Amino acid sequence: MQAFVLSVLALTTPSVYAALYDSPASLPNRQYDYIIVGAGAGGSVLANRLSASSSNTVLVIEAGVSDDANPNIQIPFLCTTLANSNVDWNYTTVPQVGLNNRVVDYPRGKTLGGSTSISEHSVRLTRIDYMVWTRGPTDDYDRWAKVSGDLGWSWNSMRSIVKSIEKLVPPADGHDTTGQIIPSIHGTSGPVEISVQGFPSDLDSRVFRTTAELPAEFPFNEDVNSGNPLGISWNQFAVGGGVRTSASTAYLRPALSRPNLDVLINTQVTKVIRTGTNHGLPVFLGVQFAQNANSQLYALNATKEVIVSAGAVNTPQLLMLSGIGDFNELSGLGIKTIVNSPRVGKNLQDHVVLPNVWSVNATFTYDDITRDPAILEADIAEWVANKTGPFATSPNEEIGWLRLPRSSSIFRTVPDPSSGPHSPHYEFLFAESFASFVESPPATGHYMMIASNLVTPTSRGSITLQSSNPWQAPLIDPALLNSDFDIFAIREGIKSALRFAAASAWDGYVIGPYGDLATANTDDELEAYARRNAATVFHPVGTAAMAAKDSSNGVVNPDLTVKGAVGLRVVDASVFPFIPTAHPQSAIYAFAERAAKLILSSSHPGGNGALQY
């Protein structure tokens, strides 16, 4: 399917922008105030906001290719074709004990826009959840504020920033969205276009009839982004005009015409370099970079800051390669410790997804698109001509956020890990298709999926170095389903999904559970089913976590500057001390927007001639 789409869409691919450089040797001979490592959500926001002032010169260094190199990035429905491609780091985890020692694919975006350009996916996972736009509960922001000691991260302080990011637009099919979203709580002039589902599904009416039938357990929520996401809602996506909105299209490309912004692609930063000392602290204003393991090494210094926005996997890897990490671990690899920061790479948190599938009595589901070349060709042609049809939207329909009852037995021994009463423990995602991490789609039949996703994991994993070689992938261990709470919550999520699909609204449509789900009845059987079939939604966070300024239990300060260093800041998903109970792109954008304000208001004590060599 991917090769066909690429050939059909070749003429729709935009030309490369003049401000993009694909070789370090091509960079202009100039000095940069800010050097940003990574062009994902955090890096793209910073590139735009810092270069908005003509007095600042900004360089972004991105390891991956331009996002216009693969037109499938533009098409919402085709996000599943991007796994194991040149826009993916193609990572895998270490064997996961909680998943019967399975190794799990761990896609991360390696292109302009980062993971906002490829979304979350897996080779065998078809049609689950892509470009989902969820702010999360107010409780998340208030907990981040409490942990950091900075009320600037609270919901009341961040609300205006969160809203300013958005530009609410009509869905691709132009249908009346009354009752599906509350327009007044959304932004209308921000850089990120968002919309509700833009193509109708047979699931739509049945999902919401179920909320009417079982309102106590599954209440209807008119807008998932009101600050209280609990209930079942129409989903919202970072999609506008039938095209994906990424950090690149929203923030980076609109700024590329500025003469003070340069973007270097196909180039990996291999080390952040210490350039001096300020008040007894090491200053990091240099970066070392190359295009591959055998190519020439280059180095540049910033005059104000180096900002690492490489994501929750690559940011801790880069810090440790640069001598910022646990002394004992670095010494064992022959890396000189400059800043002893034991929490670098620790505290890895990720959401666990379990696609539960039912056979359904339908004449068409999205399964048919992947089986029938004629349907595929017609849908692509419609998208090319009009940016409408199934390819103009995410293949995921509705969304639900749900809590365990307060009387749940697990809370007798385990504290509630959620951020507050409006924070869910698990999520539902609905799709009109088959989905699996462990088996290929069946050749026949029609299916629906209700994924039950654990969003408040108590398991904690890590990112560690294999060696001092920057070209060797780090060891990724998200520790999936590795705690009593996690297995309890995902087991209860399965039971909840089964109750949802058993409502009378599904009579005549649902034939029955598919595969392992059909024979999982007892708690032990449900646990075994989850461990055989679950994986990750690919939302890693927390590996360079924010903590209070006077706390040693963190990697960055509340202003996201690296503890024990000067001139160095981290702005990406790695700084979240707790994982958002949401799909995290909205929160990452919001953190980056506030970080830009903090950077522009700082005095930069590490630069402007203050260094001691």
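Participant: It is not clear to me how the environment of Gly64 should be interpreted in this structure. Could you clarify?
Facilitator: Mapped onto the fold, Gly64 is located in the loop between β3 (58-61) and β4 (91-92). Assessed through its relative accessible area of 2%, Gly64 is described here as buried. Excluding its chain neighbours within four sequence positions, the residues that come into contact with Gly64 are Lys110, Thr111, Ile265 and Asn266.

Participant: Can you walk me through the pairing of strand β2 (residues 32-37) in this structure?
Facilitator: It is a general feature of regular strands that their side chains alternate between the two faces of the sheet. Where burial is concerned, most of β2 is hidden: 6 out of the 6 residues are buried. Pairing geometry for β2 and strand β15 (residues 298-308), over 5 bridges, is parallel. Bridging across to β15, Tyr32 finds its partner in Ala302. Examined bridge by bridge, β2 and β3 share 4 bridges and lie parallel to one another. Across the sheet, residue Ile35 finds its bridge partner in β3, namely Leu59. Once you follow β2 into helix α2 (residues 41-51) and on to β3, the crossover reads as right-handed.

Participant: What am I meant to see in the pattern of salt bridges here?
Facilitator: Between side chains of opposite charge, pairing is possible as soon as their charged atoms come close. Under the definition given, this model contains 14 salt bridges. Asp262 is paired through a salt bridge with Arg30; the nearest N and O atoms lie 3.0 Å apart. Remark: Arg30 occurs in the loop between β1 (20-21) and β2 and Asp262 occurs in strand β12 (residues 261-264); sequence separation between them is 232 residues. We classify Asp262 as buried; its relative accessible area is 3%.

Participant: Teacher, can you tell me more about the sheet that holds strand β6 (residues 166-168) here?
Facilitator: Sheets are built from strands that pair by backbone hydrogen bonding, the pairs being arranged parallel or antiparallel. The 3 strands are arranged β6-β7-β9 in an open sheet whose pairing can be described as mixed. This sheet does not close on itself; its edge strands, each paired only once, are β6 and β9 (236-237). Where β6 and strand β7 (residues 192-196) come together, 3 bridges link them in parallel fashion. Of the residues in β7, the one forming a bridge with Leu168 is Ile194. Packing against the sheet, helix α5 (residues 155-165) makes contact with β6 and β7, and its axis sits at approximately 50° to β6.

Participant: Sorry if this is basic, but what is going on with unusual backbone geometry here?
Facilitator: With the exception of glycine, most residues fall at negative phi, and the peptide bonds are largely trans. At Asn90, a residue that is not glycine, the phi angle is positive and equals roughly 60°. Phi at Lys387 takes a positive value of approximately 55°, unusual for a residue other than glycine. Considering the arrangement of structural elements, one finds Lys387 in the loop between α11 (373-386) and β19 (396-402).

Participant: For this particular structure, what's the right way to read the packing of aromatic side chains?
Facilitator: Each aromatic ring pair is characterised by the separation of its centres together with the angle its planes make. According to the stated counting rule, one finds 25 aromatic pairs in the structure shown. With centroids separated by 5.5 Å and ring planes inclined at 85°, the aromatic side chains of Phe208 and Phe220 adopt a geometry described as edge-to-face. Taken together, the residues span a long stretch of sequence, with Phe208 in helix α6 (residues 203-213) and Phe220 in the loop between α6 and β8 (231-234) at a distance of 12 residues. Between Trp506 and Tyr509, the aromatic rings sit 6.2 Å apart at their centres with planes inclined by 45°, giving tilted as the arrangement. Here Trp506 matches Tyr509 in class, with each residue buried. Members of the aromatic cluster, connected to one another through ring pairs, are Phe218, Tyr426, Phe428, Phe430, Phe500, Trp506 and Tyr509. The ring of Trp89 carries Lys110 above its face, with NZ or CZ at 4.4 Å from the centroid. Over the face of the ring belonging to Trp153 we find Arg594, whose NZ or CZ atom lies 4.5 Å from the ring centre.

Participant: Can you walk me through α11 in this structure?
Facilitator: Residues separated by three or four positions in an α-helix point in the same direction, a consequence of the helix having 3.6 residues per turn. The terminal C-alpha atoms of α11, which comprises 14 residues, lie 20 Å apart, in line with the 20 Å expected from a rise of 1.5 Å per residue. When we look at burial in α11, the residues that qualify are Leu376, Asp379, Ile380 and Trp383. The arc enclosing the buried residues of α11, seen along the axis, measures out at 100°, which places them on a common side. In this structure, α11 carries Ala374 and Ala385 as exposed residues pointing more than 90 degrees from its buried face. Two or three places before Ala374, at the opening of α11, Asp372 has a side-chain oxygen 2.9 Å from that residue's backbone nitrogen. Where α11 terminates, the next one or two residues include Lys387, which has phi positive at roughly 55°.

Participant: Got a minute to help me understand helix α12 (residues 484-501) in this structure?
Facilitator: Helix length check: α12, at 18 residues, gives a terminal C-alpha distance of 26 Å against a target of 26 Å (1.5 Å per residue), a fit within 8%. Counted residue by residue, α12 has 14 buried out of 18 residues, so it is predominantly covered.

Participant: What's the story with the environment of Asn260 in this structure? I'm lost.
Facilitator: Its location among the elements puts Asn260 in the loop between α7 (247-252) and β12. It is 6.4 Å that separates the C-alpha atoms of Asn260 and Ser54, two residues lying 206 residues apart in sequence. Not counting residues up to four positions away in its chain, the partners in contact with Asn260 are Arg30, Ser51, Ser53, Ser54, Asn56, Thr57 and Val58.

So, how was this worked out
Residues numbered from 1 in each chain as written. Predicted model: local features only at pLDDT ≥ 70, side-chain atom pairs only at ≥ 80, totals over all residues. Heavy atoms only, no water. Helix = DSSP H or I, 4+ residues; strand = E, 2+ residues; numbered from the N terminus. Buried < 20%, exposed > 50% of the residue type's maximum accessible area, 1.4 Å probe, protein only. Contact = heavy atoms within 4.5 Å. Pairing = 2+ DSSP bridges. Right-handed = clockwise from strand over helix to strand, strands pointing away. Salt bridge = Lys/Arg side-chain N within 4 Å of Asp/Glu carboxyl O. Axes fitted to C-alpha atoms, helices over the stretch in contact; angles between N-to-C directions. Phe/Tyr/Trp six-rings, centres within 6.5 Å; stacked < 30°, edge-to-face > 60°. Lys NZ or Arg CZ within 6 Å of the ring centre and 35° of its normal. Expected span 1.5 Å × (residues − 1). Arc of directions from axis to C-beta. Polar contact = N/O pair within 3.5 Å; in protein donor to acceptor, adjacent residues only side chain to side chain.

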